[in-house]
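# Fold and contact review
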Amino acid sequence: MRKKVMAVLVAASMVLSLTACGGSGDSSSNNTEGKTETEAAGGENELTVWCWDPAFNMYAMEEAEKEYQKENPDFKLNIVETPWADVQTKLTTAASSGDLSSLPDILLMQDNAFQKNVISYPDAFADLTGSGIDFASFAGAKTAYSVVEGKNYGVPFDNGAVIACYRTDILEQAGYTVDDFTDISWSEYIKIGKDVLEKTGKPLLSCLSGESDLIVMMLQSAGASLFDEEGNPSMVDNAALKEVMDTYAELVKSGVLVEVNDWDQYIGTMTNSTVAGTINGCWIMASIQTAEDQSGKWAITNMPKLDKAADATNYSNNGGSSWAVTTNCKNMELAEDFLAKTFAGSVAFYETILPASGAIATYSPAAKSDVYSEPQEFFGGAPVYAQISEFASKVPSNNTGVYYYEARDAVATAVTNIVAGADVETEIAAAEDTVNFAMGK
Amino acid sequence: MSGPNKKLTLSRKQNLSGWAFLTPAAILIAAMSFYPMFRALILSFKTGVGLNMKWAGTYNYVRMFQDAVFMQALKNNFIYLIFQVPIMLVLALVLASLLNNKDLRFKGFFRTAIFLPCATSLVSYAVIFRSLFAVDGLINTVLINTGLLSTGYNFLGHATSARIIIILALIWRWTGYNMVFYLSGLQNIEYSIYEAAKIDGASPWQVFWKMTVPLLRPTILLTAIMSTNGTLQLFDESVNLTNGGPANATITMSHYIYNMSFKYVPNFGYAAAMSYLILILVAVLAFLQMKAGDKRD
C-alpha cells in the first residue's frame, strides 16, 4: 500500500511540476506577449521598431527619435536589434500563423524582399499612400521597390546606389588614374583591367561566386530586368541579359575579376590589397573604411556601362532598405506622423546621421545639404557623398518582381555553369525554366 | 485504506502507476511532435503562396519529381550517403577496435581526442572548414609551399572537390561519435574469446572481420540507421560550408526546403511535401537495413 501511495504521490508531483512548468512558461510568455502588445500599442506615445545595424540603421532610428522628441517630448521608441534573416523568419512565422501580435509597429525591410512580403502577406502591412508622407521627395527608382499595385507600403531609407571604388596608388603603378575609369564601358574596363593585372598582378574586382549581385547591377544599369512588366520571367531573348552573361564570363576568364567563396574573403581581398578595386552598393564604403592604413588611397566613380544595350547607363543600384509599418500598429497616426516628420521630412535629421553613419539618403532635399559636399579624407578628399547622391538620382528603375530571389539564384547557377564552359543560351533557358517552375507555370 | 482500491490486483496497481509515469511525457510528445507532424501532412496536400492555401491533392508530390533543383538535391544527398556513411562507419569501427586494446597507453586521451569534434558546433566547424579550403586558406598555402600547386585551387568552386570537402567534414565531425557506440558495444564482448582466438592462431584481420563485426551487428545496425537519417537531413554543412554551390552541386534537400520556406516566396505546402519525402526515404532505408542487418529471427 505504502508503495502505491508513494507511486501516486511521485506521479502526481511529476504531473504537477510539469503543469507548473507549463503554467509558468505560459504565464511568462503571456507576460512578454502582453508586454509587446502594450509596447506595440505604445501606451500613447511609444513605437517598437525592428532593424539590424547598431552603427547604421539603429543609430538613424535613435537620432530620428531625438528629432521627433523636440516636438513631442513624451514620444518614445523601443528599438530592437533584429538581424534581417530574423526579421524575415519572424515575419513569415507571424503572418502565416495569422497572429500578427508579435510584430513591431515599424520594421526595416530589404528592398529586394519588399514585393514578395507585401504580396504574400497583404494583411500584415499598412498602406501609407494617403498618410501625408511625401513620397515624391524620394528618388523614383528607390520608391518603386515599396510600391505594390500603385500603393505605397514603405518609406525609403538608405541608398544602394552602385559605386566603383579604386585604389589610386595601385592604378598609379600601372599608369592610370580614376578618370580613366569614369564613364567607361565594360570592354574598356576589361582592356585596362588586363593591363593593370599584367603590370601589378592585381585584379580590378572581386566577387562572391554563386551570388548574382554583379549580374543584377549590370542589368539594372541598362534598365533591364529578369522579369517583364507583368512579372513573368523574361530571360530567353533578353539581349541585355545575354550581354551581361558574356561580359561576366569574359571578366572571369581574363582574370580581371577574381571569384571568392564567402563574404569575409570578399572583404579580405580589399582590406588585404589583393584587388585594386570593387563595384558594389555604396554601403560597401563602411567595410572599405575598416582598413585605416588605406586612408587617402581610395577614390570612387561610376560603374562601367554595357557596350551594346540600348539604354545603357553608368548607374545602378544594389541593396538598400525601406521602413514598413505593420498592421499590428495600434497608433497608426503616430507612426505615420513620426516617419513623415523625420525620414520623410527633416533635412536636419539627415545632416545629423550622415557624418557618423555614412547613411546616404534617398531623400532628395537632403542631398542638397552642405554636409553632403564636405570632402572625405579617406577617399582622397573627394566629396563622395555628394557624388553618390548624384549617382542615385540617375539610376534607372527596374522591376524586381515577387520571385526575385528565385530568379537571382537561378541566374547565379547559370553564370557559374557558363564560367565553367557551358553554352550561354542553354543556361539562360534553363534558368528561365527554373523560375517558371517556381512560379508554378 | 479500504474500498474499491482493495480490488486492484498487484499487477494492475503496477500497471496503473506505470501509466501514471508515462502520461505526462506521452501527452507532451503527442502535442509537441505528433500533432505538428499531422498538421504538416495535411499542409503537404495544399498549395498556395503565404497564407492563401487551397487544397491540391497530390500536386506537391508529383511536382517535386519535376523540380530540377530538388532532384539535384536528392542526388547530392545520396552521393553523401553512399560515400560518407560506409567510410565513416568502417573508420569508426577500426578506431574502436584499436582503442579497445587493453595494453594501449593513453587510451583515455585518444578516445577524447577522437570524440572531441562532435562537441563542436555544427556552424563553427563548417565555417572553419570553409576557411581551411579557401583559395588563400591553410590547405592551399601548404600545397603551394610544398610545391604541389603553383596557384591556389578553388576547392569550394568546383563541384567534385566541394562534395569531397563536405564528405571529409562530415567524416571528421561524426566518426568519433559513432566510435563511442562501437566502444560501448565492444565492452560487452568477453575479452577471453579474443585470447582464445589468438591461441588458435587467428590473425588480427580475421579477428576483426570474423568476430568483432558479427558480434557488433546490433550496434552497427543502430549507427547505420542513425547515420542514414542524419545524412538525408543534412543542412548545416550545405548552408554554411558551400551555401549549396557551385551551381547547386552541393545543395541538400533540407537546405532547399529552407529556401522554399524562408528565402523564396513562401510555399509551405510544397516544403511540407518535400519534408515528408525525406521521412518516407528514411523509413524505407531504415526498414531495408533492419531486414538486411537484423538476423535475430
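Residues numbered from 1 in each chain as written. Chains lettered and ligands numbered in written order. Predicted model: local features only at pLDDT ≥ 70, side-chain atom pairs only at ≥ 80, totals over all residues.

### Brief notes about the overall build of chain A
Condition: Put simply, DSSP marks the helices as runs of H or I at least four residues long and the strands as runs of E at least two long, and each gets a number from the N terminus on. Contacts here follow a simple rule: the backbone-placed C-beta atoms of the two residues must lie within 7 Å.
Helix and strand content of chain A: 17 helices and 12 strands. Seen through its C-alpha atoms, chain A measures out along the principal axes to roughly 95 × 55 × 45 Å. Within chain A, contacts between residues separated by at least 24 positions form 78% of all contacts whose residues are at least 6 apart in sequence.

### Digging into the overall build of chain B
What counts is decided by this rule: Exposure classes come from backbone-placed C-beta atoms, where a residue is buried if 20 or more other C-beta atoms lie within 10 Å of its own, exposed if 12 or fewer do, and partly exposed in between.
Each helix and strand counted, chain B has 13 helices and two strands in total. With the C-alpha coordinates of chain B rotated into their principal frame, the extents come out at 90 × 70 × 35 Å. Relative to its full complement of 297 residues, chain B shows a buried share of 29%. Of the contacts made within chain B by residues no fewer than 6 positions apart, 72% connect residues no fewer than 24 positions apart.

### Here we look at the domain arrangement of chain B
Residues and elements named next belong to chain B. Going by this rule: As annotated, the domain borders come from an automatic or database domain assignment. When residues are sorted by character, Ala, Val, Leu, Ile, Met, Phe, Trp, Tyr, Cys and Pro go into the nonpolar class, Asp, Glu, Lys and Arg into the charged class, and all the rest, Gly among them, into the polar class.
One can read the domain layout of chain B as domain 1 (4-59) and domain 2 (67-293). Each of domain 1 and domain 2 has a C-alpha centre, and the two are 33 Å apart. Contacts between domain 1 and domain 2 engage 11 residues on the former and 10 residues on the latter. For the side of domain 1 that touches domain 2, the secondary structure elements donating two or more residues are α1 (10-43) and β1 (46-49). For the side of domain 1 that touches domain 2, the leading source of residues is β1, giving four residues. Classifying every residue of the side of domain 1 that touches domain 2 gives six nonpolar, four polar and one charged.

### A short note on the interface of chain B and chain A
Every contact between the two is made by 28 residues of chain B and, on the other side, 34 residues of chain A. Listing elements by their share of the side of chain B that touches chain A, those giving two or more residues are α1, α3 (68-99) and α12 (253-263) of chain B. If one sorts the elements of the side of chain B that touches chain A by residue count, α1 of chain B sits on top with five residues. Tallied by class, residues from the side of chain B that touches chain A come to 18 nonpolar, six polar and four charged.

### Considerations on the environment of N77 of chain B
Residue and element names in this part refer to chain B. You can see N77 is positioned in helix α3. Linking N77 and F268, residues 191 residues apart in sequence, is a C-alpha distance of 21 Å. Residue contacts for N77: discarding those within four places in its chain leaves T231, L232, L234, T252 and M253.

### Regarding the UniProt feature "transmembrane region" (unreviewed entry) in chain B
Residue and element names in this part refer to chain B. Keep this limit in mind: UniProt positions are given in the numbering used here, feature names are shortened, and annotations may be inferred rather than shown by experiment.
The feature "transmembrane region" (unreviewed entry), as annotated in UniProt, sits at residues 16-38, 78-100, 112-133, 153-172 and 268-288 in this numbering. A distance of 22 Å separates the end C-alpha atoms of residues 153-172, which is 70% helix and 0% strand. For residues 268-288, the helix share is 100%, the strand share is 0%, and the end-to-end C-alpha distance is 30 Å.

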